[in-house]
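Okay, here's what each chain looks like letter by letter:
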Amino acid sequence: MAWIQGDYNSEMQDFKQGSDQQLFTDYFSLDEDSSSSDDVPLDGLHEELKGCSNDDVPANIFANGTNLQEYTRGVESNLRRDEQGYLETYIEESDNLVLLHGQFHDCEIILSQIGSLLGGFQVEIGSISAEIKSLQEKSMEMGMKLKNRKLVELKLAKFIEEIIAPPSLVTAIIDGEVNEEYLRHLEVLSKKLKFVGIDYMLNASEVFQDVQQEMDRLRQTAVAKVFDFIIEKIYSLRKPKTNIQMLQQNSLLKYRYLILFLKEHGKEKYPDILAAYIDTMNKEHSQKRSSIFALGERINILKEVDQPALVPHISEANALRYPYEALFRSLHKLLIDTSCSEYLFLEAFFGEASLLYEIFAGAFTVIDEHLKLVLPNCYDAICLMLMICITRKHQVIMSRRRIPCLDSYFDKVNIFLWPCFKKVIDMHLQCLKNCDVKTLWEDDTHPHYAIRCYAEFAASLIQLNVEYGNNQLDMNLEQLHMAIDNLLVRLAERFRIPKSQALFLLNNYDMIIAVLKEAGDIGKIPTFFEEKLESNISLFVEELLSEHFTDLIKFVKAYDDEESTSFTGSPTIADVEPLVKDFAMRWKAVLEAMHKDVITSFSNLSCGMEILKAAMAQLLNYYNSLSECVKMIPRSSTLNKYLVSITSISYEIRKYSRTF
């Protein structure tokens, strides 16, 4: 640009300093001779003319016959004139052009600076773009981390919610009353317990170690409350005159989730629930099967002994049926009222009450004939005993009225009833003595149906004799229970295993005692069976423990027996080491097995649990003796790691020692 500007300025200076205008004109003049036609080549003229055929100027020239040289000179003259005008105008505007050139130069400098500045901006913008890209990548990375953390937060919150029991739930489970709202709390607890059981990764987490014990305590509390509630509901079925079906539908079924909860989270208690329900319903249905020997509501006849006599046509119209003792009471109630009325009238009107026997001679004859016909064929001992009690009460009524007119008649009735009753009792005794145990025996250690019949029969007679207090009946009952005990022993001998024999006797003795105690003040009869029960408990406990720890029991008994010849010297480590290791390995499993054995073997769960406690206590005694023996052996410290502490065993036993 500098050299262009220099040439331009120099040339313009020459124009300004030139004084000779002609020189300037000659400088631009045309050489006329140079335009001579002789020097102009004509090659290609034809093609050029053909190319100008569409141009109006050449066409007009040729059409008008214009002289070309003159035309050319005119054109050249015009060109010179125009050129001269342009040059003058250029010269006049030279200063402005120089100024414009300077401005262009300044603008070029400014544009160069702006270009440099924009170049710097471009570099900075590139750097900023890189930073923006880096920030964008970091933003995407942070967004992904945030998304992952939110997902982790949701899962962690759900995890914590599943394993943590809120204080409101803990309070409701521990202190709440078992009702429909309690069921909802149990459902929440059940979900948490299931979650803990299903998630195997949880077992390795530290948080699980923190909450495991608390959750297990809460589970045990809930199981215990549910167990007590269900047991109470089941035992309510045992109340007399209970509508079992209604209680099942309205009270038990709406709490069926409690059973599901025990199945899932209280497996150690669920068998006890089943055993209690089976025992309850077994007793209920057995009582119905043997109702012929049970006194039941028949005893109410003694409370109604002075009620009005039955009206035959009303009973027939309503198709009512009555047991024979009810007809017996109604007959004698009518006889008492009629004879008393007649006796008072005869004494007041005739002054001769003895006329009564002549008036009632026909009635007495009919009654005597009826009794002689019916009673010898009556084999219902309870009915006969009820008639004896009714007669006794009628005698008391007549005594209170101070009317002796039926004294001889009632004495005659008693004399007739007692031999009939004694005959039936003797038949029962003879049947028990002569029965074929092969026919009666069943391979089942639960209470025998024949023994239940005896228990209910004896309880009925005892209950009737409480008020009557007849010594003859007490003797008959004593003979009866001796005969039934003999039958029990003969039935038990049919079992090949001593444990089954003891179990059969225990179930039946316990059932007899329970049925007899329901009769009230029963005197010395149950004492006999209680002694039998205690002796067989000891036998059963020994047989139960021998199934699991035979060698341990033999060792302890031999060690405790000072006269035993089992040891030639003091016991050694070799003698006790197998016993100690075996017990350490199996004792918990044995306790569980014993518990399951008892709850499935005993009909009365309460009795079974008492026997289980006795068995576990005896096992603890045996092991304590073994431990004391080990401590007395020299260098026995090597076995210390296998010895189970008595405290640990006692703690485990308490789990099973629940009294119902």
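None of these values were measured; they are calculated from a predicted model.

When you go through the protein residue by residue, the secondary structure sums to 28 helices and zero strands. A buried classification covers 35% of the 660 residues belonging to the protein. Taking the contacts inside the protein whose residues are at least 6 apart along the sequence as the reference set, 78% of them involve residues at least 24 apart.

Turning our eyes to something else, we now look at helix α18 (residues 381–401). Taking 1.5 Å of rise per residue, the 21 residues of α18 would be expected to cover 30 Å, and the 30 Å separating its terminal C-alpha atoms lies within 8% of that figure. For α18, a buried count of 16 out of 21 residues is recorded, marking the element as mostly surrounded by other parts of the structure.

The subject of this paragraph is the side chain of H332. As for its position among the elements, H332 is in helix α15 (residues 324–349). What makes H332 buried here is its relative accessible area of 1%. In this structure the side chain of H332 is engaged in a polar contact, spanning 3.0 Å, whose partner is the backbone oxygen of F328.

Taking 1.5 Å of rise per residue, 26 residues should cover 38 Å, and α15 covers 37 Å from first to last C-alpha, within 8% of that figure. Downstream of α15 by a residue or two, G351 has a phi angle that is positive, lying close to 75°.

If you look at the biggest cluster of nonpolar residues, it comprises 151 residues, and the most contacted ones within it are F421 and L626. The residues contacting F421, other than those within four sequence positions of it, are A381, L384, M385, I388, L461, L473 and N476.

Where helix α19 (residues 407–434) contacts helix α22 (residues 471–492), the two axes come as close as 9 Å, and the packing angle between them is 15°. Classified by the angle their axes make, α19 and α22 are roughly parallel. Classified by chirality, the crossing of α22 by α19 is left-handed. Each of F421, K422, I425, H428, L429, L432 and K433 in α19 lies in contact with α22, whose residues at this interface are Q472, L473, N476, Q479, L480, A483, I484, L487 and R490. Among the residues forming the contact of α19 with α22, the class breakdown is nine nonpolar, four polar and three charged.

Pairs of aromatic rings are described using the distance from one ring centre to the other and the angle between the two planes. Throughout the structure, instances matching the rule amount to 14 aromatic pairs. Relative to F529, the ring of Y509 has its centre 6.0 Å away and its plane inclined at 45°; by these criteria the two rings are tilted. Pair noted here: Y509 is in helix α23 (residues 498–517) and F529 is in helix α24 (residues 525–546), with a separation of 20 residues, a long-range link. Taking relative accessible area as the criterion, F529 reaches 0% and is therefore assigned buried. Aromatic side chains F583 and Y623 sit 3.9 Å apart centroid to centroid with 15° between the ring planes, which places their arrangement in the stacked category. With a gap of 40 residues between them, F583 in helix α26 (residues 573–601) and Y623 in helix α27 (residues 605–631) connect regions that are remote in the sequence. With respect to class, F583 is no different from Y623; both count as buried. What links up through ring pairs into an aromatic cluster is the set F360, F364, Y409 and F410.

Between side chains of opposite charge, pairing is possible as soon as their charged atoms come close. On inspection of all chains with the given rule, the structure shows 22 salt bridges. Two residues, D426 and K422, come together in a salt bridge whose shortest N-O distance is 2.8 Å. Taken together, the positions of D426 and K422, both in helix α19 and four residues apart, correspond to about one turn of that helix. Residue K422 is classed as partly exposed on the basis of its relative accessible area of 29%. Taken together, the shared-partner salt bridges in this structure form one network comprising D306, K333, D337 and R401.

What counts, and at which threshold
- Residues numbered from 1 in each chain as written.
- Predicted model: local features only at pLDDT ≥ 70, side-chain atom pairs only at ≥ 80, totals over all residues.
- Heavy atoms only, no water.
- Helix = DSSP H or I, 4+ residues; strand = E, 2+ residues; numbered from the N terminus.
- Buried < 20%, exposed > 50% of the residue type's maximum accessible area, 1.4 Å probe, protein only.
- Contact = heavy atoms within 4.5 Å.
- Expected span 1.5 Å × (residues − 1).
- Polar contact = N/O pair within 3.5 Å; in protein donor to acceptor, adjacent residues only side chain to side chain.
- Core = buried A, V, L, I, M, F, W, Y, C linked by side-chain atoms within 4.5 Å.
- Axes fitted to C-alpha atoms, helices over the stretch in contact; angles between N-to-C directions.
- Parallel < 35°, antiparallel > 145°, perpendicular 65-115°, else oblique.
- Left-handed = near helix turned anticlockwise from the far one by under 90°.
- Nonpolar A, V, L, I, M, F, W, Y, C, P; charged D, E, K, R; others polar.
- Phe/Tyr/Trp six-rings, centres within 6.5 Å; stacked < 30°, edge-to-face > 60°.
- Salt bridge = Lys/Arg side-chain N within 4 Å of Asp/Glu carboxyl O.

Just geometry here; none of it tells us what the structure is for.
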